[in-house]
Amino acid sequence: MQTNFLSQQFNAGFLAENSMACPANATICDGTSCVLPENTFNQTLSVVLSTVLTIMLALVMFSMGCNVELKNFLRHIRRPWGIFVGFLCQFGIMPLTAFLLSLAFNILPIQAVVVLIMGCCPGGTASNIIAYWVEGDMDLSISMTTCSTLFAMGMMPLCLFIYTKMWTDSDAIVLPYDSIGISLVALVVPVSFGIFVNYKWPSKAKIILKVGSIVGAVLIVIVAVVGGILYQGSWIISPKLWIIGTIFPAAGYTLGFFLARLAGLSWHRCRTVSLETGMQNTQLCSTIVQLSFTPEQLELMFTFPLIYSIFQLLFALLILAGYRIYRRRCGKTQTDVEKTEQKEDSKSSAKINGGFVSDEMK
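Residues numbered from 1 in each chain as written. Predicted model: local features only at pLDDT ≥ 70, side-chain atom pairs only at ≥ 80, totals over all residues. Heavy atoms only, no water.

S.K.: So what's going on with the UniProt feature "transmembrane region" (unreviewed entry) in the chain? Which residues, and what values?
M.R.: When the UniProt feature table is mapped onto this chain, "transmembrane region" (unreviewed entry) is found at residues 45–63, 83–105, 112–134, 140–163, 175–195, 207–229, 241–260 and 300–323. Secondary structure across residues 140–163 comprises 100% helix and 0% strand; the distance between its end C-alpha atoms is 29 Å. Split by type, residues 241–260 is 100% helix and 0% strand. Its first and last C-alpha atoms lie 28 Å apart. (UniProt positions renumbered as here; feature names shortened; annotations may be inferred. Helix = DSSP H or I, 4+ residues; strand = E, 2+ residues; numbered from the N terminus.)

Printed below as a string of structure tokens:
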């Protein structure tokens, strides 16, 4: 009897420990090894927030369109010197910088590929919002984002073919042309409505622009926070990728600005080209790597787009803060845009840049 009692106590204690070790929602429990149903919280959160953020982004781009003058926008299309400079930055400087950084830090081939994919992506829509806050050329910013997304259909495969040959077969990289097309439509449609509203009701467009610019700034922060929540388990990654993720956007901003200035663009357009160069479509990069690589490979590089996104935002905010401090200290009554254009107007309109007539001289 004593033995049976002790045995029952042991079994009760074992079951009690087991009940504490295994969660109530466990489907199979063997000792301390339990099988739990799949946690769909992140998946559900991702779907809900993606829907909300997509709608918000469309509204923000609509408001950005309210700051675009149709005649100025068409002028950039007809005389695309600024767009051409941005094209060289987007699909010349960025892929080459990605290639050189990958070689310099001697990272794994699979990691080099994700850095190159990021370098070959088109510009992101966040650049339009920041361009507004730094008093950039919104007509050029919108046209550059639109054109880079459109050109990405052909330039991404070409750049990846050129730069990834030493690490992997470019055919192994799956380009989501549907995602690129959706990004293009999500940009063009709301911006077109915004341009129409600005053309018909300019006074109302100014109100929409002020509200949208604030919402856009909040949206950028929300996207960064949401990314951190959704991928909080993926922060263990090679220190080399952290360093590259820091250097890469800074190099994009800097080189884009200097190339634009070298090409003779005015200061406000240099700021615009700089932002368009450094701010990449990180969501597109994440989609490409998920479609192209196995789960084991993703562990080595999946977080890189998020790292780049964080630092491109951080440097963009530093640029914004620096510009605002500069404007406050200078205390000018005219913007540098107006002053630069007045100086440029005095120059000969016959200046030719590589076969393009520079609209800076018009």
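S.K.: Summarise the nonpolar core; cite the residues concerned and give the values.
M.R.: If you look at the biggest cluster of nonpolar residues, it comprises 67 residues, and the most contacted ones within it are Val-115, Ile-117, Met-156 and Phe-248. Excluding residues within four positions of it along the chain, Val-115 makes contact with Ala-98, Ser-102, Ile-107, Leu-241, Ile-244, Phe-248 and Phe-304. (Core = buried A, V, L, I, M, F, W, Y, C linked by side-chain atoms within 4.5 Å. Buried < 20%, exposed > 50% of the residue type's maximum accessible area, 1.4 Å probe, protein only. Contact = heavy atoms within 4.5 Å.)

S.K.: Give a description of helix 5 (residues 109–120) that names residues and reports values.
M.R.: Here helix 5 spans 16 Å end to end across 12 residues, near enough to the 16 Å set by a 1.5 Å rise per residue. In terms of burial, helix 5 is largely enclosed, as 11 of its 12 residues are buried. Listed as buried for helix 5 are Ile-110, Gln-111, Ala-112, Val-113, Val-114, Val-115, Leu-116, Ile-117, Met-118, Gly-119 and Cys-120. (Expected span 1.5 Å × (residues − 1).)

S.K.: Help me get a handle on the state of the cysteines, residues and values and all.
M.R.: In this structure the tally under the stated criterion is 0 disulfides. Of all cysteine sulfurs in the structure, the one in Cys-270 sits closest to Cys-89, which takes part in no disulfide; the separation is 9.6 Å. (Disulfide = S-S within 2.5 Å.)

S.K.: Residues and numbers for the confidence of the model for the chain, please.
M.R.: Summing up the model confidence of the chain, the mean pLDDT is 76 and the portion of residues at 70 or higher is 72%. Here residues 5–20 is modelled with pLDDT under 50, and outside its nearest four sequence neighbours on either side it reaches 2 contacts, counting other chains as well. This model gives residues 337–362 a pLDDT under 50, and the stretch forms 42 contacts once residues within four places in sequence are excluded. (pLDDT = per-residue confidence, 0-100.)

S.K.: So what's going on with the environment of Gln-90? Which residues, and what values?
M.R.: Among the secondary structure elements, Gln-90 is positioned in helix 4 (residues 81–105). What makes Gln-90 buried here is its relative accessible area of 3%. Expressed as a C-alpha distance, the spacing of Gln-90 and Met-155, which sit 65 residues apart in the sequence, is 9.8 Å. Look past the residues within four positions of Gln-90 in its chain and what remains in contact with it is Pro-95, Gly-119, Cys-121, Pro-122, Gly-123, Ser-148, Glu-276, Thr-277 and Gln-280. Among the polar contacts listed, one links the side chain of Gln-90 to the side chain of Gln-280, at a separation of 2.5 Å. (Polar contact = N/O pair within 3.5 Å; in protein donor to acceptor, adjacent residues only side chain to side chain.)

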